[in-house]
Amino acid sequence: AQSVAQPEDQVNVAEGNPLTVKCTYSVSGNPYLFWYVQYPNRGLQFLLKYITGDNLVKGSYGFEAEFNKSQTSFHLKKPSALVSDSALYFCAVRDSGYSTLTFGKGTMLLVSP
Amino acid sequence: ETGVTQTPRHLVMGMTNKKSLKCEQHLGHNAMYWYKQSAKKPLELMFVYSLEERVENNSVPSRFSPECPNSSHLFLHLHTLQPEDSALYLCASSQAPTGGNTIYFGEGSWLTVV
């Protein structure tokens, strides 16, 4: 079985400050990990993914994520938040051999001016 | 902007109506998906088609009927829906639904059942 947890319903950060959105996962094989962002009244947009190799993955809009196998985590980060980053962020995992991509419940990021 | 196009973007239907949601992908993918997104609930995978064959059907009520006539098009036929079926329905596509293949989403169809 595969599962993913996003422990925070909401993250608040001031513009210009670094941000972290947390994600932990559980798989039986090798994980494939994804981050998506959803702006109001829009579909999900792909941000970045981890397949293998370098534990620090860089993605769109200045976001990056760090894969930590021992802690089974894949936290999303950005060095300097923008108000326009305010959105709903989803972490997702697919176990090797599975077809289903399992999504977390989402974390609302609010960046204040 | 998006390689996955959904129509209509908004749909209001009565419980006795029959309607369809349409999805088209322009990415050359061979797998397509329907997801349901309701307020306060996790994203729910409804159906997965790979090479035009349904490979997953996650206990979705029969009032939802998918159709995948080719690898670029996906439909969700709706009939005798309930008010609790009101939600955002997201279509998505990818290469084979395995491993690190990224799923790309459309903008969604907002469905309201009255």
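What you are looking at is a predicted structure, and each value in this text was computed from that prediction instead of being measured.

Asks: What's the story with the overall build of chain A in this structure? I'm lost.
Replies: Assigned secondary structure in chain A consists of zero helices and twelve strands. The order of α-helices and β-strands along chain A, N terminus first, is β-β-β-β-β-β-β-β-β-β-β-β. For chain A, the C-alpha radius of gyration of 13 Å lies close to 13 Å, the compact-globule estimate for 113 residues. Its C-alpha atoms give chain A principal-axis dimensions of roughly 45 × 30 × 20 Å. Within chain A, the fraction of its 113 residues that count as buried is 47%. Here chain A has roughly 5100 Å² of accessible surface; of this, 51% comes from carbon and sulfur atoms.

Asks: Would you mind showing me how to read the pairing of strand S5 (residues 31-38) of chain A here?
Replies: In the case of a regular strand, side chains alternate between the two sheet surfaces. Residues and elements named next belong to chain A. Among the eight residues that make up S5, eight are buried, leaving the element largely enclosed by the rest of the structure. In S5, alternate side chains face the same way, and those of Pro31, Leu33, Trp35 and Val37 on one face and Tyr32, Phe34, Tyr36 and Gln38 on the other are all buried. Relative to strand S10 (residues 87-95), S5 runs antiparallel, the two sharing eight bridges. Following the sheet pairing, Tyr32 is matched in S10 by Arg94. Pairing between S5 and strand S6 (residues 44-50): six bridges, direction antiparallel. Bridged to Phe34 within S6 is Lys49. In this structure, the hairpin formed by S5 and S6 is closed by a connection of five residues, where Asn41 is found at a positive phi of approximately 60 degrees.

Asks: Sorry if this is basic, but what is going on with the state of the cysteines here?
Replies: Note on terminology: a disulfide is the covalent bond linking the sulfur atoms of two cysteines. Counted according to the given criterion, the structure contains two disulfides over all chains. The side chain of Cys23(A) participates in a disulfide bridge whose partner is Cys91(A); the two sulfur atoms lie 2.0 Å from each other. The S-S bond linking Cys23(A) to Cys91(A) shows a torsion near -60 degrees; that makes this disulfide left-handed. Of this pair, Cys23(A) sits in the loop between strand S3 (19-21) and strand S4 (24-26) while Cys91(A) is found in strand S10, placing the two residues 68 residues apart along the sequence. The exposure classification of Cys23(A) matches that of Cys91(A), with both residues buried. Cys23(B) shares a disulfide with Cys91(B); S-S distance 1.9 Å.

Asks: Before we go on, may I ask you to explain the environment of His75(A) in this structure?
Replies: Residue and element names in this part refer to chain A. Mapping His75 onto the fold places it in strand S9 (residues 73-78). As a C-alpha pair, His75 and Leu44 span 31 residues in sequence and 18 Å in three-dimensional space. Filtering out sequence-adjacent residues up to four positions away, His75 remains in contact with Thr20, Val21, Lys22, Cys23, Thr24, Trp35, Glu64, Ala65 and Glu66. At 3.0 Å, the side chain of His75 forms a polar contact with the backbone nitrogen of Cys23.

Asks: I'm lost on the layout of surface pockets in this one. Help?
Replies: Take a probe with the size of a water molecule and roll it over the atoms, and the empty space left behind shows itself. In this structure, the largest pocket encloses a volume near 480 Å³. Taken together, 20 residues form the lining of the largest pocket, with Gln38(A), Leu88(A), Met108(A), Gln37(B) and Ala39(B) sitting closest to its centre. With three residues, the top contributor of residues to the lining of the largest pocket is S10(A). Of the residues in the lining of the largest pocket, the class split is ten nonpolar, five polar and five charged.

Reading the values: rules and limits
Residues numbered from 1 in each chain as written. Chains lettered and ligands numbered in written order. Predicted model: local features only at pLDDT ≥ 70, side-chain atom pairs only at ≥ 80, totals over all residues. Heavy atoms only, no water. Helix = DSSP H or I, 4+ residues; strand = E, 2+ residues; numbered from the N terminus. Rg over C-alpha atoms; globule rule 2.2 N^0.38 Å. Buried < 20%, exposed > 50% of the residue type's maximum accessible area, 1.4 Å probe, protein only. Areas by Shrake-Rupley, 256 points an atom, 1.4 Å probe, with all protein chains shown as cover. Pairing = 2+ DSSP bridges. Disulfide = S-S within 2.5 Å. Contact = heavy atoms within 4.5 Å. Polar contact = N/O pair within 3.5 Å; in protein donor to acceptor, adjacent residues only side chain to side chain. 1 Å grid on protein atoms, 1.4 Å probe; cavity = no way out; pocket = protein on both sides within 12 Å on 5 of 7 lines; lining within 4 Å. Points joined across faces, edges and corners; volume = space filled by probe spheres on them. Nonpolar A, V, L, I, M, F, W, Y, C, P; charged D, E, K, R; others polar.

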